[in-house]
Amino acid sequence: MTVSSLSTSTAAHGRIDWSPYLVGAGIGVLSWVVFVVVAAPIGITTAVSQLSGGLAVPLVGAEAVAQNAYWARHPMRLDYGTLFLVGTFLGALASSLAARTWRLETVPAVWAERFGPSPLKRYAVAFVGGVIAMYGARLANGCTSGNGISQGLQLAVVGWVFLAVMFTTGLLTAFILFRQPR
């Protein structure tokens, strides 16, 4: 590993390539700061659940949301998790703008090569994948940041098991979806 691999670099095409080591260290420091300041681990899925309950009120009514056992346990509120969710979005946007990589992309090239150019198919699969990921995160009582990063930093067995399962299933999924046809 060289010193240049620890910092950001400007590629020939003018965009900034972020070092995974620098970004990983930044996430670690952020997690420490959050533990000290907020006395809570970093995580997003609870805030997404709270937000979805709040957004459901105009659609199904406040009474239906209040009677839902899950949303009753996670009512909509402006707290650290909600701010972390909004900050994650804004930070990702700022990073992509600074790196000059932000663009609207209906169907990524790697997807189109493998599965075709249909935006409807891409959105349908992305939606189903998001539902499955969110259901799994709530079932596991945490997401990648909550279970993987925060629990892993605390050396909790659940965090390390989560990370091992996440990487294994990610590798298997990539192998199945993106293997070269014979």
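Residues numbered from 1 in each chain as written. Predicted model: local features only at pLDDT ≥ 70, side-chain atom pairs only at ≥ 80, totals over all residues. Heavy atoms only, no water.

## Thoughts on the overall build of the chain
When helices and strands are counted, the chain shows 9 helices and 2 strands. From first element to last, N terminus to C terminus, the chain shows the α and β order β-β-α-α-α-α-α-α-α-α-α. In the structure as shown, the chain presents an accessible area of about 12600 Å², 72% of it carried by carbon and sulfur atoms. Taking the 11 positively charged and 5 negatively charged side chains of the chain as two groups, their mean positions are separated by 9 Å. (Helix = DSSP H or I, 4+ residues; strand = E, 2+ residues; numbered from the N terminus. Areas by Shrake-Rupley, 256 points an atom, 1.4 Å probe, with all protein chains shown as cover. Lys, Arg positive; Asp, Glu negative; His and termini not counted. Charge placed at Lys NZ, Arg CZ, Asp CG, Glu CD.)

## Here's the deal with the pattern of salt bridges
One pass over the full model with this rule turns up 2 salt bridges. Notably, a salt bridge pairs D79 with R77, separated by 3.1 Å at the nearest N-O pair. Taking relative accessible area as the criterion, R77 reaches 40% and is therefore assigned partly exposed. For E105, the salt bridge goes to R103, with nearest N and O atoms at 3.6 Å. (Salt bridge = Lys/Arg side-chain N within 4 Å of Asp/Glu carboxyl O. Buried < 20%, exposed > 50% of the residue type's maximum accessible area, 1.4 Å probe, protein only.)

## Observations concerning the packing of helix 2 (residues 45-60) against helix 5 (residues 80-98)
In the contact formed by helix 2 and helix 5, the axes pass within 8 Å of each other and the chain directions differ by 100°. Relative to helix 5, helix 2 is oriented roughly perpendicular. Contact residues: A47, V48, Q50 and L51 in helix 2; G81, T82 and L85 in helix 5. Broken down by class, the residue content of the contact of helix 2 with helix 5 amounts to 4 nonpolar, 3 polar and no charged. (Axes fitted to C-alpha atoms, helices over the stretch in contact; angles between N-to-C directions. Parallel < 35°, antiparallel > 145°, perpendicular 65-115°, else oblique. Contact = heavy atoms within 4.5 Å. Nonpolar A, V, L, I, M, F, W, Y, C, P; charged D, E, K, R; others polar.)

## Regarding the packing of aromatic side chains
Tallied over the entire structure, the rule returns 3 aromatic pairs. For the ring pair Y80 and F84, a centre distance of 5.8 Å and an interplane angle of 35° mean the geometry is tilted. Separated by 4 residues within a single helix, Y80 and F84 lie in helix 5, roughly one turn from each other. Classification of F84 by relative accessible area gives buried; the value is 15%. Ring centres of F115 and F178 lie 5.8 Å apart, and the angle between their planes is 70°; on these two criteria the pair is classed as edge-to-face. Separated by 63 residues along the polypeptide, F115 in helix 6 (residues 109-115) and F178 in helix 9 (residues 157-178) bring together distant segments of the chain. In this structure F178 comes out as partly exposed when scored by relative accessible area, which is 38%. The ring of W111 has R122 lying over it, and the distance from NZ or CZ to the ring centre is 5.1 Å. (Phe/Tyr/Trp six-rings, centres within 6.5 Å; stacked < 30°, edge-to-face > 60°. Lys NZ or Arg CZ within 6 Å of the ring centre and 35° of its normal.)

## Some remarks on the environment of I27
In this fold, I27 is placed in helix 1 (residues 20-38). The class for I27 is partly exposed, based on a relative accessible area of 33%. Residues I27 and A92 lie 65 residues apart in sequence; the distance between their C-alpha atoms is 13 Å. Each residue touching I27, except ones within four places of it in the same chain, is listed here: I42 and I149.

## Remarks on a nonpolar patch on the surface
Together, V29, W32, V33, V36, V37, V38 and L153 line one region of the surface with nonpolar side chains, adding up to about 680 Å² of accessible area. Sorting elements by how many residues they give to the nonpolar patch places helix 1 first, with 6 residues. Relative to the assigned elements, V33 resides in helix 1. (Patch = residues over 30% accessible without salt bridge, like charges linked within 9 Å, V, L, I, M, F, W, Y side chains within 5 Å.)

## Notes on the UniProt feature "transmembrane region" (unreviewed entry) in the chain
Annotation from UniProt places "transmembrane region" (unreviewed entry) at residues 21-44, 80-99, 120-137 and 157-178. When the span residues 21-44 is considered, its composition is 75% helix and 0% strand, and the gap between its end C-alpha atoms is 22 Å. The straight-line gap between the two end C-alpha atoms of residues 157-178 is 31 Å; of that span, 100% is helix and 0% is strand. (UniProt positions renumbered as here; feature names shortened; annotations may be inferred.)

## Quick notes on the environment of W71
Looking at where W71 falls in the secondary structure, it is placed in helix 4 (residues 69-73). Residue classification places W71 among the partly exposed residues on the basis of a relative accessible area of 21%. Linking W71 and V158, residues 87 residues apart in sequence, is a C-alpha distance of 25 Å. Setting aside its immediate chain neighbours within four residues, W71 contacts S49, S52, G53, A56 and V65.

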